[in-house]
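Here is how the chains run, residue by residue.
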Number of protein chains: 2
Amino acid sequence: MEGRREVDYMSVLKESGIQVTYQRLAIYKALHSSTKHPSAEEIYQKVRKNFPMISLGTVYKSLERFGEAGLVQKVGTMADVSRYHTRADSHHHLFCIKCQSIQDIADPIGGNELSLPDGHGFEILGHDVIIRGYCPQCVEK
Amino acid sequence: MEGRREVDYMSVLKESGIQVTYQRLAIYKALHSSTKHPSAEEIYQKVRKNFPMISLGTVYKSLERFGEAGLVQKVGTMADVSRYHTRADSHHHLFCIKCQSIQDIADPIGGNELSLPDGHGFEILGHDVIIRGYCPQCVEK
DNA sequence: ATTCTTGCAAACGGTTTGCACATAC
DNA sequence: GTATGTGCAAACCGTTTGCAAGAAT
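Everything in this summary refers to the structure shown in the same document. Because the structure is predicted, anything quoted here is derived from the model rather than measured. (Residues numbered from 1 in each chain as written. Chains lettered and ligands numbered in written order. Predicted model: local features only at pLDDT ≥ 70, side-chain atom pairs only at ≥ 80, totals over all residues. Heavy atoms only, no water.)

This next bit is on the relation of the copies chain A and chain B. Superposition of chain A onto chain B requires a rotation of 180° combined with a translation of 0.0 Å along the rotation axis, giving an RMSD of 0.1 Å. Here the symmetry operator amounts to a two-fold rotation axis. Closest approach to the rotation axis among the C-alpha atoms of chain A is made by Val129 of chain A, whose C-alpha sits 2.3 Å away. (Least-squares fit on C-alpha atoms with pLDDT ≥ 70 in both.)

Written as structure tokens, this is what we have:
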């Protein structure tokens, strides 16, 4: 079971202070070797092929543990609950990572061109910029 | 109950083809007059002061109806489930609004300065750019 | 009169938690 | 031997849905 290919992953986990288990190796590998930003469920399905007994709960717990260690992050989520506004033209925000307040701003890119990778093949409809930091109230503390 | 101040909101709803009720007026007003990007629960609490019988379900249904009519949108949510990745340096994404695929990209702002409003008072830690559109597979259809 | 909306309660689905057993150190 | 992780199931919580009564047109 201690295949050669797991070794780097094992070092990564160890060096991050994370206790190593076969489940965690498999979860981290599944995530790290994918470019698709999978969900917990997708990781679970992938890992299950080699670890039929693994539970989805373990995947969630491991991902959270990885997150605490700075190895893994969620993509594109500001707050945990849906939040709404009425201004169709306002897609750019200052977001306070402490109190989760959100402030509208004008497009901070202004007239500058976005530089995108060649050959991405996307039909671009627009862009949203989220600037993360501490709002005035939370800076002071 | 037909106060003068509701009149503009009534027109807005009517012109968007939305059937007008007092509940919807109150919900739309609560949202439109706030700069805080409230959650459904927060809107519910606010509206409840004037409409003690209103239900949270009505708030959700109304917000969805407003969304269909283009009057309201959720802020900062890509997909509905959490998705993960391992690259701490990758905060910029191409997001397909059809198939919900996500592709990492380098910072599309490059060396350009972000132009922020004066006096925002935020301590800025970083920025995330999400570019919305159709991925190559979904463009073709 | 018909269609749409409301309020209530139940259902749903992604995520978290509690606990007994197993594994890592 | 102690601390931590695993698997399972139940709980949680934001959101959605079904339905009978009520309001809008």
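For the structure shown, the criterion picks out four aromatic pairs over all chains. Taking 5.7 Å as the distance between ring centres and 75° as the angle between the ring planes, the aromatic pair formed by Tyr9 of chain B and Tyr28 of chain B counts as edge-to-face. In this pair, Tyr9 of chain B is assigned in helix α1 (residues 7-15) and Tyr28 of chain B in helix α2 (residues 22-32), connecting sequence segments 19 residues apart. Look at Tyr9 of chain B and you get buried, because its relative accessible area is 14%. Residue class for Tyr28 of chain B comes out buried when judged on its relative accessible area of 5%. Seen in terms of ring centroids, Tyr28 of chain B and Phe66 of chain B are 5.7 Å apart; in terms of plane orientation they differ by 85°. Their pairing is edge-to-face. Of the two residues, Tyr28 of chain B sits in helix α2 while Phe66 of chain B sits in helix α4 (residues 56-68), which places them 38 residues apart along the sequence. An aromatic cluster of three or more residues is present, and its members are Tyr9, Tyr28 and Phe66 of chain A. (Phe/Tyr/Trp six-rings, centres within 6.5 Å; stacked < 30°, edge-to-face > 60°. Helix = DSSP H or I, 4+ residues; strand = E, 2+ residues; numbered from the N terminus. Buried < 20%, exposed > 50% of the residue type's maximum accessible area, 1.4 Å probe, protein only.)

As a further point, take the sheet that holds strand β4 (residues 102-105) of chain B. Strand order in the open sheet made by the six strands is β4(A)-β3(A)-β5(A)-β5(B)-β3(B)-β4(B), with mixed pairing throughout. The sheet terminates laterally at β4 (102-105) of chain A together with β4 of chain B, the two strands that pair on one side only. Recorded for the sheet is a direction-independent mean angle of 25° between the axes of neighbouring strands. Sheet analysis places strand β5 (residues 123-134) of chain A next to strand β5 (residues 123-134) of chain B, joined by eleven bridges and oriented antiparallel. Bridge assignment links Ile124 of chain A to a residue of β5 of chain B, and that residue is Gly133 of chain B. (Pairing = 2+ DSSP bridges. Axes fitted to C-alpha atoms, helices over the stretch in contact; angles between N-to-C directions.)

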